[in-house]
Amino acid sequence: KNSLHLSGAAAFSSLVSILRVLVIVSILKVSVFPVVAPAALAAAGVFGLGGFVLLSRKNGKNGTAEPPRNPFRLVPLLLFAAAFAAISMLSAALVPRFGSASLLATSALSGAFDVDVAVLSALRLVDQSVAMAVVGQAVLAGLLANAFGRLFLAMVIGPRTYWLPLAGVTVLASIAAVATFLLTQMP
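These notes cover the structure that comes with them. The structure displayed is predicted, hence computed values, not measured ones.

The rules behind each value
Residues numbered from 1 in each chain as written. Predicted model: local features only at pLDDT ≥ 70, side-chain atom pairs only at ≥ 80, totals over all residues. Heavy atoms only, no water. Patch = residues over 30% accessible without salt bridge, like charges linked within 9 Å, V, L, I, M, F, W, Y side chains within 5 Å. Areas by Shrake-Rupley, 256 points an atom, 1.4 Å probe, with all protein chains shown as cover. Salt bridge = Lys/Arg side-chain N within 4 Å of Asp/Glu carboxyl O. Helix = DSSP H or I, 4+ residues; strand = E, 2+ residues; numbered from the N terminus. Buried < 20%, exposed > 50% of the residue type's maximum accessible area, 1.4 Å probe, protein only. Core = buried A, V, L, I, M, F, W, Y, C linked by side-chain atoms within 4.5 Å. Contact = heavy atoms within 4.5 Å. Axes fitted to C-alpha atoms, helices over the stretch in contact; angles between N-to-C directions. Parallel < 35°, antiparallel > 145°, perpendicular 65-115°, else oblique. Left-handed = near helix turned anticlockwise from the far one by under 90°. Nonpolar A, V, L, I, M, F, W, Y, C, P; charged D, E, K, R; others polar. Arc of directions from axis to C-beta.

Another point: a nonpolar patch on the surface. Among the surface-exposed residues, Leu 144, Phe 148, Val 171, Leu 172, Ile 175, Val 178 and Leu 182 lie close enough to one another that they form a single nonpolar patch of about 600 Å² accessible area. Breaking the nonpolar patch down by element, the ones donating at least two residues are helix 6 (132–157) and helix 7 (160–185). A total of five residues in the nonpolar patch trace back to one element, the largest contributor, which is helix 7. A relative accessible area of 35% means that Phe 148 is categorised as partly exposed.

And the structure:
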C-alpha cells in the first residue's frame, strides 16, 4: 500500500469514530444530538470525501514511499503514556476546582487520547443541570481534540508522505465543523 492509501484509510477511521460518537449521543442523551450533529456530520463528510480522494490517488513515486516507522518503539510509547498520565491528573484537578466551566478543557484534554471517555464524561453532566449547549460543545471539543491527537500520533510514528495528507484532511474537517457549529448556534 502507498502512503496516500494509508492516509485515506486513516481519514475513514476518523469518519467512523465521529459516526460512532453520534450513535452514542443519540442513545444516551438524544437531547444533546441536535447541538452536536450538524458540526459532527460536516466533519464526517470532509473525512469521508478526503478518504475517498486519497484512496483513489496514486503516489507519484512507484513504490518508493518512505517505510513506516515501528509503532512499538519504546520512546514514543513512553511519551504517550506520560502525556496521558499528566492530562489525566490535570483533568482530575480541574473539574472539582472549576466545575462545569472546565468541561471544555477537560473534554479536549481527555479527547486527545480517548474520545469515548470525553463524550461519556460530558453526557453524564446533562443530569447535573449543565446546559445542553455546553455539553454539546464539550462533545465536539473531545471529537476535535481526538482528530488532532490521531494526527499527532501519525506525525510521531509515520512518514511525512502519510501524515501530511492526513493533516490537510484533518484541518479541513475541523474548519467545516467549527464553521457549521457557529452557523447553527447563532441566535
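This brings us to the nonpolar core. If you look at soluble globular proteins, the nonpolar side chains tend to sit buried side by side. By size, the foremost hydrophobic cluster in this structure holds 35 residues, and its most contacted members are Ile 18, Phe 47 and Val 139. If one sorts the elements of this core by residue count, helix 2 (residues 33–56) sits on top with nine residues. Here Ile 18 is in contact with Ala 40, Ala 43, Ala 44, Phe 47 and Leu 143, once residues within four sequence places are set aside. By size, the runner-up hydrophobic cluster in this structure holds seven residues, among which are Ala 10, Leu 151, Ala 154 and Leu 166.

Where helix 4 (residues 103–111) contacts helix 5 (residues 115–123), the axes come no closer than 7 Å and their chain directions differ by 155°. Classified by the angle between their axes, helix 4 and helix 5 sit roughly antiparallel to one another. At the point where helix 4 passes helix 5, the crossing takes the right-handed sense. Of the residues in helix 5, those in contact with Leu 103, Ser 107, Ser 110 and Gly 111 of helix 4 are Val 115, Val 117, Ala 118 and Ala 122. Across the contact of helix 4 with helix 5, the residue classes tally to five nonpolar, three polar and no charged.

Those residues of helix 5 not exposed but buried are Val 115, Ala 118, Val 119, Ala 122 and Leu 123. For helix 5, the angular spread of buried residues about the axis comes to 120°, placing them on one side. Each element contacted by the buried residues of helix 5 is listed here: helix 1 (3–28), helix 4 and helix 6.

With that out of the way, let us pick up the environment of Ala 10. Along the chain, Ala 10 turns up in helix 1. Take Ala 10: its relative accessible area is 15%, and that puts it in the buried class. For the pair Ala 10 and Gly 51, spaced 41 residues apart in the sequence, the C-alpha separation amounts to 7.5 Å. The residues touching Ala 10, leaving out its near neighbours within four places in the chain, are Tyr 162 and Leu 166.

All right, on to the environment of Leu 28 then. Relative to the elements of secondary structure, Leu 28 occurs in helix 1. Sequence separation between Leu 28 and Leu 120 is 92 residues; the distance between their C-alpha atoms is 8.8 Å. Setting aside residues up to four positions removed in sequence, Leu 28 forms contacts with Leu 120 and Leu 123.

Remember, this is a structural readout, not a statement about activity or role.
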